[in-house]
Amino acid sequence: MAVLKWKHHVLIQSLLARGSLTEREFHTIFTGITGHNPGTHQEKLNDYLLKINRELSYVQLDLRACRDQYDGRVYYGVVNNVSDEQSKLGTKYSVPQIAFFKAIVETIAQDIKAQGSISNIDALNIKLENQVLNSLGSQSQDGSLSIPDVFRNFTMSQKEKSLDQFVQDKWLCFTEDDNIGVGVRSILNLRNWFHNAEVPSCEVCNEVGLKAILCPNEGCTVRIHQYCLKKRFSQRGVIVCPSCDTQWQYQPPKAEPIELEDEATGPMQSQPPSRSTQSQPSLRSRRKRQRLSQNDDAETAGCSSQASLPNSDVRRVTRSSARLR
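### Remarks on the overall build of the protein
Phase 1: The helix and strand inventory of the protein stands at 14 helices and ten strands.
Phase 2: Looking at the 325 residues of the protein, the share that counts as buried comes to 41%.
Phase 3: The long-range share in the protein, meaning contacts at least 24 apart out of those at least 6 apart in sequence, stands at 58%.
Phase 4: Of the roughly 18,500 Å² that the protein leaves accessible, carbon and sulfur atoms contribute 48%.

Structural data, given as structure tokens:
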């Protein structure tokens, strides 16, 4: 049995304390404690990970890596290998919160368009009663369906606070368009659940394809992560579906915070902050910002329609807009 040294313990403790680390953060810590750069000493890193996982297996834990579904960054984390997926949340969250979280992940995973997210309104409107009936199928003595009060009394305010907590703990995330997505901790921990639920995987990397681009052929089920598609396109120039031979027309976005391959570990200051490490506004703040944005758009349209009005009317509209701001 391998014996772990203090350097191995520092790596484990870093992940346990933070929940997950980007590849660059993890490599920086590894370089600091071992003096070896993973970019040039990959075999040294692999040896450390192998020894750590041998020891962690005795307590049903595993140190693994995954890619963020939305920006392609690699993350490391220590995960629980217990078959009961809900046990990963049971020590901290209440039973209604677990049901709420599971309903959100299931909704995202079952999306046939592979958009990888749902709107915060749709998330808040999820009925826990349906989730309980589908999972438990509980019935009362007279044969009617029985819903525990703890689920019926789970308020909208409690849902908002739960969403903020899930995002803070990296089980969920806010996407760039302010929707609710699956966080890196879920990608790390729920790998077996996604597999058992038969969620389609990416054709390139074989990982779960929650946020992916679908084959243009509607009759084909192939899906590929955008970061995998970008890498494949850069290598081949033309992409042909491996299943139906349909040619893919790929146009990369103008701005894409994607790390396809990390270079040798460098100063962390030069790396743009990842989405999961940035300070995330609360769900209430995001909804308020969306309403203000909609009001601004309405005011802009109103001002445009007033272009032919007398100057006094235009000034009145402008002052009114200023007061709203």
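### Things to note about the sheet that holds strand 3 (residues 74–80)
Phase 1: Sheet architecture is open: three strands sit in the order 1-3-2, paired in antiparallel fashion. Across the chains shown, the open sheet's two edge strands, defined by having one partner strand only, are strand 1 (21–22) and strand 2 (61–67).
Phase 2: Judged from the seven bridges that link them, strand 2 and strand 3 form a sheet pairing that is antiparallel. Residue pairing for strand 3: Leu63 is matched across the bridge by Val78.
Phase 3: Strand contacts of helix 3 (residues 42–56): strand 2 and strand 3, with the helix running at about 135° to strand 2, the strand carrying the most contacts.

### Here's the deal with the packing of aromatic side chains
When we look at a pair of aromatic rings, we describe it by the centre distance and by the angle of the planes.
Phase 1: Applying the stated criterion across every chain, the model contains seven aromatic pairs.
Phase 2: Seen from their ring centres, Phe101 and Trp171 are 6.0 Å apart, and the 75° between their planes marks the pair as edge-to-face. Residue Phe101 is found in helix 5 (residues 95–109), and its partner Trp171 is found in the loop between helix 9 (156–168) and strand 5 (172–174); the two are separated by 70 residues along the sequence. Residue Phe101 shares its accessibility class with Trp171, and that shared class is buried.
Phase 3: Feature note: the residues Tyr93, Phe101, Phe166 and Trp171 constitute an aromatic cluster, connected by ring pairs.

### Some details on the pairing of strand 3
Phase 1: Most of strand 3 is tucked away: six of the seven residues are buried.
Phase 2: Where strand 1 meets strand 3, two bridges bridge the pair, whose relative direction is antiparallel. Among the inter-strand pairings, Leu21 is bridged to a residue of strand 3, identified as Tyr76.

### Re the packing of helix 1 (residues 6–18) against helix 2 (residues 23–34)
Phase 1: Viewed as axis vectors pointing N to C, helix 1 and helix 2 meet at an angle of 155°, and their least axial separation amounts to 10 Å. Of the possible angle classes, the one that applies to helix 1 and helix 2 is roughly antiparallel. As helix 1 runs across helix 2, the sense of the crossing is right-handed. Between helix 1 and helix 2, the contacting residues are Trp6, Lys7, Val10, Leu11, Ser14, Leu15 and Arg18 on the first element and Phe26, Ile29, Phe30, Ile33 and Thr34 on the second.
Phase 2: In the contact of helix 1 with helix 2, the residues fall into eight nonpolar, two polar and two charged.

### Concerning the state of the cysteines
One way to say it: the disulfide is the covalent bond shared by the sulfur atoms of two cysteines.
Phase 1: The tally for this structure, following the rule as stated, stands at zero disulfides.
Phase 2: Counting only cysteine sulfurs, Cys215 is the nearest neighbor of Cys244, a cysteine outside any disulfide, at a range of 3.6 Å.

### Quick look at helix 1
Phase 1: The first and last C-alpha atoms of helix 1 sit 18 Å apart over 13 residues, in line with the 18 Å expected at 1.5 Å per residue.
Phase 2: When helix 1 is considered as a whole, its buried residues turn out to be His8, Leu11, Ile12, Ser14 and Leu15. Relative to the axis of helix 1, the buried residues are bounded by an arc of 155° and lie together on one face. Summarising the geometry of helix 1, the exposed residues directed more than 90 degrees from the buried face are Trp6 and Ala17.
Phase 3: If you follow the buried residues of helix 1, they end up packed against strand 1, helix 2, helix 3, strand 2 and strand 3.
Phase 4: One or two positions beyond helix 1, positive phi appears at Gly19, with a value near 90°.

### Remarks on the pattern of salt bridges
Any two side chains of opposite charge can pair, so long as their charged atoms come close to each other.
Phase 1: In total, this model carries five salt bridges according to the counting rule given.
Phase 2: Across the pair Asp71 and Arg73 runs a salt bridge, and its minimum N-O distance is 3.6 Å.
Phase 3: Exposure remark for Asp71: the relative accessible area of 4% places this residue in the buried category.
Phase 4: Judged by relative accessible area, which is 4%, Arg73 ranks as buried.
Phase 5: Across the salt bridge formed by Arg191 and Glu207, the nearest N and O atoms sit 3.8 Å from each other. With Arg191 in helix 11 (residues 191–196) and Glu207 in the loop between helix 11 and strand 7 (213–214), this pair connects stretches of sequence that are 16 residues apart.
Phase 6: Judged by its relative accessible area of 28%, Arg191 is partly exposed.

Here is what the cut-offs are and how they apply
Residues numbered from 1 in each chain as written. Predicted model: local features only at pLDDT ≥ 70, side-chain atom pairs only at ≥ 80, totals over all residues. Heavy atoms only, no water. Helix = DSSP H or I, 4+ residues; strand = E, 2+ residues; numbered from the N terminus. Buried < 20%, exposed > 50% of the residue type's maximum accessible area, 1.4 Å probe, protein only. Contact = heavy atoms within 4.5 Å. Areas by Shrake-Rupley, 256 points an atom, 1.4 Å probe, with all protein chains shown as cover. Pairing = 2+ DSSP bridges. Axes fitted to C-alpha atoms, helices over the stretch in contact; angles between N-to-C directions. Phe/Tyr/Trp six-rings, centres within 6.5 Å; stacked < 30°, edge-to-face > 60°. Parallel < 35°, antiparallel > 145°, perpendicular 65-115°, else oblique. Left-handed = near helix turned anticlockwise from the far one by under 90°. Nonpolar A, V, L, I, M, F, W, Y, C, P; charged D, E, K, R; others polar. Disulfide = S-S within 2.5 Å. Expected span 1.5 Å × (residues − 1). Arc of directions from axis to C-beta. Salt bridge = Lys/Arg side-chain N within 4 Å of Asp/Glu carboxyl O.

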